[in-house]
Amino acid sequence: MSIWEYANPKKFMQTSAWALPWFTGLAAITLVTGLVWGFFFTPEAANFGTTVKIIYIHVPSAMMAINIWVMMLVTSLIWLIRRHHVSALAAKAAAPVGLVMTLIALFTGAIWGQPMWGTWWEWDPRLTSFLILGLFYLGYIALWQAIDNPDTAADLTGVLCLVGSVFALLSRYAVNFWNQGLHQGASLSVDKQENVSDVYWYPLLFCIAGFILLFIVLVLVRTRTEVRSRRLKALEARERLA
Amino acid sequence: MIALLLRDLRLAVRAGGGFGLSLAFFLIVTVLVPFGVGPEGGTLARIAPGILWVGALLACLLSLDRIYALDFEDGSLDLLATAPIPMEAVVSVKALAHWLTTGLPLVLAAPVFGVLLHLPGPAYFWLVISLAVGTPALSVLGAFGAALTVGLKRGGLLLSLLVLPLYVPTLIFGAELIARGSAGGATATPLLMLAGITAATVALVPFAAAAAIRVNLR
Amino acid sequence: MIALLLRDLRLAVRAGGGFGLSLAFFLIVTVLVPFGVGPEGGTLARIAPGILWVGALLACLLSLDRIYALDFEDGSLDLLATAPIPMEAVVSVKALAHWLTTGLPLVLAAPVFGVLLHLPGPAYFWLVISLAVGTPALSVLGAFGAALTVGLKRGGLLLSLLVLPLYVPTLIFGAELIARGSAGGATATPLLMLAGITAATVALVPFAAAAAIRVNLR
Amino acid sequence: MAALLAIEALAVARGGIAILERVEFSLSAGQALVLRGPNGCGKTTLLRTIAGLQPPLAGRIEAAPDAIAYAAHADGLKATLSVSENLQFWAAVYGQSNRVASALAEMNLEALAQRAAMSLSAGQKRRLGLARLLVTGRPVWVLDEPTISLDAASVALFANALRAHLALGGAALIATHIDIGLAEAVTLDLTPLKARAPQDGGASGGFDEAFA
Amino acid sequence: MAALLAIEALAVARGGIAILERVEFSLSAGQALVLRGPNGCGKTTLLRTIAGLQPPLAGRIEAAPDAIAYAAHADGLKATLSVSENLQFWAAVYGQSNRVASALAEMNLEALAQRAAMSLSAGQKRRLGLARLLVTGRPVWVLDEPTISLDAASVALFANALRAHLALGGAALIATHIDIGLAEAVTLDLTPLKARAPQDGGASGGFDEAFA
Amino acid sequence: MMPELGKYAVSVMSAYGVTVVLLVGIVAQSLWRAARVRRALEAQEQRTGAHNG
Ligand code: HEM
Ligand SMILES: Nc1ncnc2c1ncn2[C@@H]1O[C@H](COP(=O)(O)OP(=O)(O)OP(=O)(O)O)[C@@H](O)[C@H]1O
Ligand SMILES: Nc1ncnc2c1ncn2[C@@H]1O[C@H](COP(=O)(O)OP(=O)(O)OP(=O)(O)O)[C@@H](O)[C@H]1O
Ligand SMILES: [Mg+2]
Ligand SMILES: [Mg+2]
């Protein structure tokens with residue numbers, strides 16, 4: 001009995017079928033609580049005005065965009081090292097969700113930038129590195145779609161994810177070096193001094209949890225789809241051969 | 001390995017201009033930009049380093065799909081994979097051949113194109129330095145992207161999409177090096193970073209590329 | 001002929017993104033330029049129209065070799081040449097399909113990319129107009145260049161070289177139209193010239209392209 | 001009965017060099033002619049010239065306009081389209097969309113109609129290529145090695161389709177190395193028609209003024 | 001005498017599906033084994049696996065490192081290089097540059113040595129592809145349909161080269177549909193080795209955990 | 001009930017609007033594809049008589 005048992009497609013399908021309703025319910029509750037709380041029951045901020053409400057979607061989506069890539073890196077490594085198919089398929093399933101999160105962070109940031117900085121877009125390091133992250137997502141998804149053989153696609157996208165991660169970090173550094181920028185520092189630090197006040201902080205926590213749970217639900221659903229489509233492919237190929 | 005390098009260079013020459021065509025493309029980009037942007041010297045001089053780097057990068061990019069495609073189509077890649085040369089060496093040699101036919105001519109010809117864009121005087125030195133140090137990384141990263149897409153029908157545009165984000169750090173440090181150099185600023189950091197990226201990619205990326213090719217040949 | 005158009009569009013979609021990939025390339029070019037040129041809004045706004053046009057042109061260029069290459073390789077082009085459709089119609093339909101999968105998405109997406117380059121407000125309207133009027137000429141001229149190089153091994157770079165000079169007038173008038181339009185100047189001349197070039201190429205170039213294909217099939 | 005296709009004193013060239021000359025034959029309705037000859041003797045070149053893909057060096061090719069359906073080595077299939085989509089496209093081009101179903105049936109492709117062409121075996125691909133002929137509705141079939149990679153059953157299927165085509169007043173010109181199982185076909189050996197050097201009275205390749 | 005190549009309980013897969021299983025044989029010096037089977041039965045897949053281009057699904061392949069020379073369908077010739085340049089390249093890769101002249105002679109390519117590979121006929125190209133084997137200096141030849149597009153004389157030439165190779169202590173594994181004129185070769189029919197479905201006890205294609 | 005958003009109403013509302021559109025889009029796409037693949041797999045299992053999974 002080890003954790004790797006869940007990498008077995010059959011076991012995974014059973015467990016995820018059981019877990020999915022729970023996660024769905026939990027995700028709906030936290031997300032709705034957080035967003036409603038944030039949108040309706042928070043005051044204006046001195047420096048941001050009512051635009052501060054954007055933070056409840058901007059920050060969680062930005063965090064998820066990064067975290068999903070990290071999750072894809074981990075699952076890709078598991079595939080490359082231990083050859084568990086579900087792991088590779090989970091990475092495949094997560095990528096479009098990550099792309100959507102990146103897009104949400106970009107759009108909400110751009111919409112926020114217009115009143116705050118007077119411009120939709122600024123070549124700020126954090127913004128720029130998000131654009132590059134979006135490109136990595138696009139390339140990763142396009143590579144999956146371009147290759148017919150699923151195992152080949154899993155291997156190649158895994159290698160791309162690995163190399164891409166290194167270069168995403170490198171770009172982050174390069175972009176910092178190239179432009180100083182306007183964007184907020186990390187105010188979610190443990191350092192109480194820099195932290196946002198509690199009025200904004202608690203609903204934000206709910207939103208972050210909601211986005212995480214939403215991501216889990218989506219990845220489970222999509223991974224289940226990928227497992228099924230993989231099985232469908234195998235059955236079709238076997239029928240062709242027979 | 002030397003045999004492979006010589007063969008690749010000979011093929012590039014016989015195919016009618018490994019050297020010529022990438023230079024011509026570089027030339028055309030540097031010619032088009034003034035048409036698009038307008039002819040004022042001031043603006044052009046301001047953007048010249050960046051445009052020259054972007055042009056070099058695109059010229060490099062467009063020739064990437066030749067790295068393995070022909071060898072894959074006619075079966076040479078299968079035979080090379082079973083030959084007593086490690087795939088890592090094959091990849092490195094092919095990246096080197098690509099650099100010799102694409103990057104090196106660009107490095108040598110860049111000052112001429114700089115004139116077309118009114119590049120200011122002190123920038124020429126740094127233009128050549130930054131291209132010379134940076135373009136090998138472009139070739140190696142391109143060889144990696146080409147390895148990922150070898151055997152895909154019309155992988156060309158996909159290849160661009162995969163490779164371009166990998167080119168970003170090289171591009172930033174390359175253009176920054178020229179900008180700082182010609183403004184008399186401190187050049188140590190961008191130069192070190194550029195050299196570091198090139199050294200690290202040349203040392204490590206061939207392993208990833210070789211793995212990708214082996215997977216694609218399966 | 002409608003059957004041919006539908007088939008080409010369907011193939012572009014099935015091949016995994018006739019639309020997506022050219023847009024992605026356009027995006028990448030507009031992203032790279034600030035990396036090369038530097039992040040200041042003023043300079044970027046100044047060069048934005050030109051860069052957007054050059055980017056559209058390159059995105060168009062890179063997808064040209066798909067116009068006939070696949071049909072040539074699998075023998076469809078031979079069969080189309082003996083089918084009861086004149087080759088001129090085949091060329092026109094293929095150019096149209098190329099425009100629908102490459103030019104049209106660029107026209108629609110260009111304003112978004114304009115934001116990235118700090119394009120000034122009034123310029124958006126003229127950006128869309130100039131691309132909408134100008135890109136059909138790019139597709140038709142590209143179809144001509146592709147017809148000249150069909151069947152050549154690795155014609156890609158050669159194709160770029162042949163086609164780019166043909167693109168220069170379109171590029172000049174297109175960028176000029178945006179520049180004048182956003183500066184509030186007289187836009188009649190560049191707009192008329194652009195429309196004239198497009199009308200003339202669409203009407204005449206297919207004959208040259210069809211002749212080139214017939215020669216290449218011999 | 002008037003000939004559907006008449007070839008007179010034809011000479012064909014490849015790469016600027018004459019390959020075959022003095023080719024003469026005519027095909028009337030119901031006739032099939034099989035071309036034979038060693039590899040490289042010029043069969044493909046001759047068929048492409050007759051199909052109008054390249055100009056003849058000398059001589060005349062007489063056929064009604066739009067009479068010829070040509071099938072080359074390559075089948076012109078699109079890997080990502082399904083079998084029936086591939087066939088429907090060609091049927092639409094030739095304005096014969098109503099024949100698709102019967103062509104699929106005749107070539108035993110019905111079970112595969114929804115499969116993408118890339119997942120077909122070589123023989124199935126070839127069958128689809130031949131089904132294309134049935135939706136052209138043209139009288140003269142010009143076929144370059146139609147039966148390669150077909151198994152015996154499929155060759156018989158093809159021979160039947162060919163016989164039906166001939167019975168309906170069609171004609172066929174076929175280059176092949178393999179027996180196509182059509183006893184009534186006439187055979188023409190191209191070996192003696194090899195082009196002679198110009199100084200021996202052969203046709204010139206178009207650049208022979210320099211050889212005077 | 002120790003076997004040059006030993007295959008044990010080998011299963012091979014293509015596109016994630018097992019195609020052949022329970023393949024067992026061994027080759028000692030001087031032996032030639034001919035693989036037969038209908039189109040698509042998995043000959044090419046088996047040979048590529050043995051050559052090390054793809055991993056086996058199950059079972060073992062035992063051979064000395066660097067013992068195998070593989071010749072595929074495609075010859076890997078460069079159209080713009082001449083015949084001798086093509087051959088010299090491969091000889092240099094295998095460190096056997098001194099053998100080029102004798103390989104050219106053995107495959108009757110001496111007259112063509114300066115011609116560009118693109119101007120060769122299909123049969124001549126194939127001869128050049130086989131000459132490549134002679135400059136590898138490796139004991140085990142793994143050949144995929146080596147005699148296609150060769151005429152009778154060239155097949156005999158190839159058979160002689162093969163006999164010489166066996167006499168010098170080499171071995172050969174050959175997939176072919178055509179008779180290669182080597183009476184002493186042993187034949188292995190692959191038809192009974194077709195992989196069964198996993199539920200019937202066949203090898204799994206690598207994604208069968210879900211198929212319980 | 002609607003909070004007073006003042007001069008930033010357009011920004012805030014469009015930010016939420018874009019987010020909702022994108023999230024609903026990815027959720028709908030996931031569910032749609034899940035249903036399609038499940039149906040295709042069931043049809044295939046019916047045809048080949050393979051079961052489980
Ligand atoms: C397209 C533009 C933008 C992008 C891509 C972007 C991206 C990010 C990222 C990656 C984070 C970090 C989330 C984390 O802590 O992990 C973040 C946080 C944040 N952003 Fe943005 N941002 C953009 C525009 C803006 C604008 C215009 C504003 C407001 C003027 C803004 C305000 C904030 C704030 C207040 C945080 C929270 C900081 C913290 O507590 O860590 N962002 N954004
Ligand atoms: N591009 C070319 N330039 C010069 N000669 C060529 C070219 N293409 C083919 N040839 C030569 O023309 C001759 C005729 O070729 P063709 O394809 O017509 O032969 P074929 O009879 O169809 O042969 P096969 O039986 O192999 O199909 C061959 O000897 C070939 O070498
Ligand atoms: N990429 C692929 N994905 C799935 N199946 C494939 C793929 N490539 C080949 N196959 C199938 O694998 C089987 C074995 O192919 P293989 O090439 O090994 O056959 P072969 O015995 O060499 O045939 P031939 O005699 O025609 O050379 C074929 O039935 C083929 O349809
Ligand atoms: Mg032929
Ligand atoms: Mg085979």
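Rules of the game
Residues numbered from 1 in each chain as written. Chains lettered and ligands numbered in written order. Predicted model: local features only at pLDDT ≥ 70, side-chain atom pairs only at ≥ 80, totals over all residues. Heavy atoms only, no water. Helix = DSSP H or I, 4+ residues; strand = E, 2+ residues; numbered from the N terminus. Buried < 20%, exposed > 50% of the residue type's maximum accessible area, 1.4 Å probe, protein only. Contact = heavy atoms within 4.5 Å. Least-squares fit on C-alpha atoms with pLDDT ≥ 70 in both. Polar contact = N/O pair within 3.5 Å; in protein donor to acceptor, adjacent residues only side chain to side chain. Nonpolar A, V, L, I, M, F, W, Y, C, P; charged D, E, K, R; others polar. Phe/Tyr/Trp six-rings, centres within 6.5 Å; stacked < 30°, edge-to-face > 60°. Lys NZ or Arg CZ within 6 Å of the ring centre and 35° of its normal. Axes fitted to C-alpha atoms, helices over the stretch in contact; angles between N-to-C directions. Parallel < 35°, antiparallel > 145°, perpendicular 65-115°, else oblique. Left-handed = near helix turned anticlockwise from the far one by under 90°. Pairing = 2+ DSSP bridges. pLDDT = per-residue confidence, 0-100. Expected span 1.5 Å × (residues − 1). Salt bridge = Lys/Arg side-chain N within 4 Å of Asp/Glu carboxyl O.

### Examining the overall build of chain A
Point 1. Helix and strand counts for chain A stand at six helices and zero strands.
Point 2. From first element to last, N terminus to C terminus, chain A shows the α and β order α-α-α-α-α-α.
Point 3. A burial count over chain A gives 59% of its 242 residues as buried.
Point 4. Summarising the internal contacts of chain A: among those between residues at least 6 apart in sequence, 78% fall at separations of at least 24.

### Observations concerning the overall build of chain D
Point 1. When its secondary structure is counted, chain D shows five helices and eight strands.
Point 2. Listing the helices and strands of chain D from first to last along the sequence gives β-β-β-α-β-β-α-α-α-β-α-β-β.
Point 3. A burial count over chain D gives 52% of its 212 residues as buried.

### Concerning the relation of the copies chain B and chain C
Point 1. Take chain B, turn it by 180°, move it 0.1 Å along the axis, and it overlays chain C with an RMSD of 0.1 Å. Taken together, the turn and the small shift mark the pair as related by a two-fold rotation axis.
Point 2. Taken together, the interface assignments show that 100% of the residues at the interface of chain B recur at the interface of chain C, consistent with an identical surface on both copies.

### Comments concerning the interface of chain B and chain C
Point 1. Each partner contributes residues to the interface: chain B has 38 residues there, and chain C has 38 residues.
Point 2. Our enumeration of links across chain B and chain C arrives at zero residue pairs in polar contact (both at pLDDT 80 or more).
Point 3. Broken down by secondary-structure element, the contributors of at least two residues to the side of chain B that touches chain C are helix H2 (18-37), helix H3 (41-62), helix H4 (69-73) and helix H8 (156-182) of chain B.
Point 4. Along the lines of polarity and charge, the residues of the side of chain B that touches chain C split into 25 nonpolar, six polar and seven charged.

### Topic: the packing of aromatic side chains
Point 1. According to the stated counting rule, one finds 10 aromatic pairs over all chains in the structure shown.
Point 2. When the ring of B:Phe26 is compared with that of B:Phe113, the centres are 4.8 Å apart and the planes differ by 75°; the resulting orientation is edge-to-face. Linking B:Phe26 in helix H2 with B:Phe113 in helix H6 (residues 87-116), this pair joins segments that are 87 residues apart in sequence.
Point 3. By relative accessible area, which is 0% here, B:Phe26 ends up buried.
Point 4. The class of B:Phe113 is buried, set by a relative accessible area of 8%.
Point 5. The ring of A:Trp79 carries A:Arg83 above its face, with NZ or CZ at 4.2 Å from the centroid.
Point 6. Over the aromatic face of D:Trp90 sits the side chain of D:Arg132, whose NZ or CZ is 5.3 Å from the ring centroid.

### Some words on the packing of helix H7 (residues 123-149) of chain B against helix H9 (residues 188-217) of chain B
Residues and elements named next belong to chain B.
Point 1. The geometry of H7 relative to H9 is characterised by a closest axis approach of 8 Å and an angle of 15° between their N-to-C directions. Put simply, H7 runs roughly parallel to H9. The handedness of the crossing between H7 and H9 comes out as left-handed.
Point 2. Here the residues of the contact of H7 with H9 are counted per class, giving 21 nonpolar, six polar and no charged.

### Some details on the pairing of strand S7 (residues 171-175) of chain D
All names here are of chain D.
Point 1. Burial analysis of S7 places five of its five residues in the buried class, which makes it a mostly covered element.
Point 2. On S7, burial covers both faces: Ala171, Leu173 and Ala175 on one face and Ala172 and Ile174 on the other are all buried.
Point 3. Sheet topology places strand S3 (residues 32-36) next to S7; four bridges connect them, and they run parallel. Within S7, the position partnered with Leu33 by the bridge is Leu173.

### Considerations on the environment of C:Val33
Point 1. Here C:Val33 is to be found in helix H2 (residues 18-37).
Point 2. Relative accessible area serves as the criterion here: at 2%, C:Val33 is assigned to the buried category.
Point 3. With 18 residues separating them along the chain, C:Val33 and C:Ile51 place their C-alpha atoms 7.9 Å apart.
Point 4. Excluding residues within four positions of it along the chain, C:Val33 makes contact with B:Val54, C:Gly38, C:Ile47 and C:Ile51.

### Comments concerning the sheet that holds strand S8 (residues 186-189) of chain D
Residue and element names in this part refer to chain D.
Point 1. What the five strands build is an open sheet, ordered S5-S6-S7-S3-S8; its pairing is parallel. This sheet does not close on itself; its edge strands, each paired only once, are strand S5 (68-71) and S8. Sheet twist, expressed as the average angle between the axes of neighbouring strands with direction ignored, equals 15°.
Point 2. Note that S5 and strand S6 (residues 140-144) share four bridges and pair parallel.

### Section: the confidence of the model for chain D
Point 1. For chain D, per-residue confidence averages 81 on the pLDDT scale, and 89% of positions sit at 70 or higher.
Point 2. We note a pTM of 0.82 for the whole complex and an ipTM of 0.79 for its interfaces.

### A few points about the sheet that holds strand S3 (residues 32-36) of chain E
Residue and element names in this part refer to chain E.
Point 1. Reading across from one edge, S5-S6-S7-S3-S8 is the order of the five strands in this open sheet, with parallel pairing throughout. The open sheet is flanked by strand S5 (68-71) and strand S8 (186-189), the only strands paired with a single partner. With direction set aside, neighbouring strand axes in the sheet form an average angle of 15°.
Point 2. Across the sheet, helix H1 (residues 43-50) lies against S3, S5, strand S6 (140-144) and strand S7 (171-175), angled at about 150° from S6, the strand it touches most.

### Examining unusual backbone geometry
All names here are of chain D.
Point 1. Within the chain, Ala9 stands out as a residue other than glycine whose phi angle is a positive 45°.
Point 2. With respect to the helices and strands, the residue Ala9 is situated in strand S1 (residues 3-14).
Point 3. Phi is positive for Arg22, which is not a glycine, with a value near 55°.
Point 4. In this structure, Arg22 sits in strand S2 (residues 17-28).
Point 5. Given the relative accessible area of 41%, Arg22 is considered partly exposed.

### As for helix H2 (residues 55-82) of chain A
Point 1. The first and last C-alpha atoms of H2(A) sit 39 Å apart over 28 residues, in line with the 40 Å expected at 1.5 Å per residue.
Point 2. Phi turns positive, to about 55°, at A:Arg83, one or two residues after H2(A).

### A word on the confidence of the model for chain A
Residues and elements named next belong to chain A.
Point 1. Overall, the predicted model of chain A reaches an average pLDDT of 81, with 83% of residues at or above 70.
Point 2. Confidence, read as mean pLDDT per element, is least for helix H6 (residues 198-241) in chain A (84) and greatest for H2 (90).
Point 3. Scored below 50 in pLDDT, residues 187-194 shows 13 contacts in the model against residues more than four places distant or in partner chains.

### Let's talk about the environment of B:Ala123
Residue and element names in this part refer to chain B.
Point 1. Following the sequence through the fold, Ala123 ends up in helix H7.
Point 2. Classification of Ala123 by relative accessible area gives buried; the value is 0%.
Point 3. Separated by 59 residues in the primary sequence, Ala123 and Ser182 place their C-alpha atoms 4.5 Å from one another.
Point 4. Ignoring anything within four residues of it in the chain, the contact list for Ala123 reads Ile178 and Ser182.

### Here's the deal with the pattern of salt bridges
Residue and element names in this part refer to chain C.
Point 1. If you walk through the whole model with that rule in mind, you get 23 salt bridges over all chains.
Point 2. A salt bridge links Arg214 to Glu88; the shortest N-O distance between them is 3.1 Å. In this pair, Arg214 is assigned in helix H9 (residues 188-217) and Glu88 in helix H6 (residues 87-116), connecting sequence segments 126 residues apart.
Point 3. On the accessibility criterion, Arg214 (40% relative accessible area) is partly exposed.

### Details of the environment of E:Glu62
All names here are of chain E.
Point 1. Relative to the helices and strands, Glu62 is located in strand S4 (residues 58-63).
Point 2. The partly exposed category is assigned to Glu62, whose relative accessible area is 35%.
Point 3. Separated by 12 residues in sequence, Glu62 and Ile50 have C-alpha atoms that sit 9.1 Å apart.
Point 4. Ignoring any residue separated from it by four or fewer positions in sequence, one finds Glu62 in contact with Leu4, Leu5, Ala6 and Glu8.
Point 5. Separated by 2.6 Å, the side chains of Glu62 and Arg60 make a polar contact.

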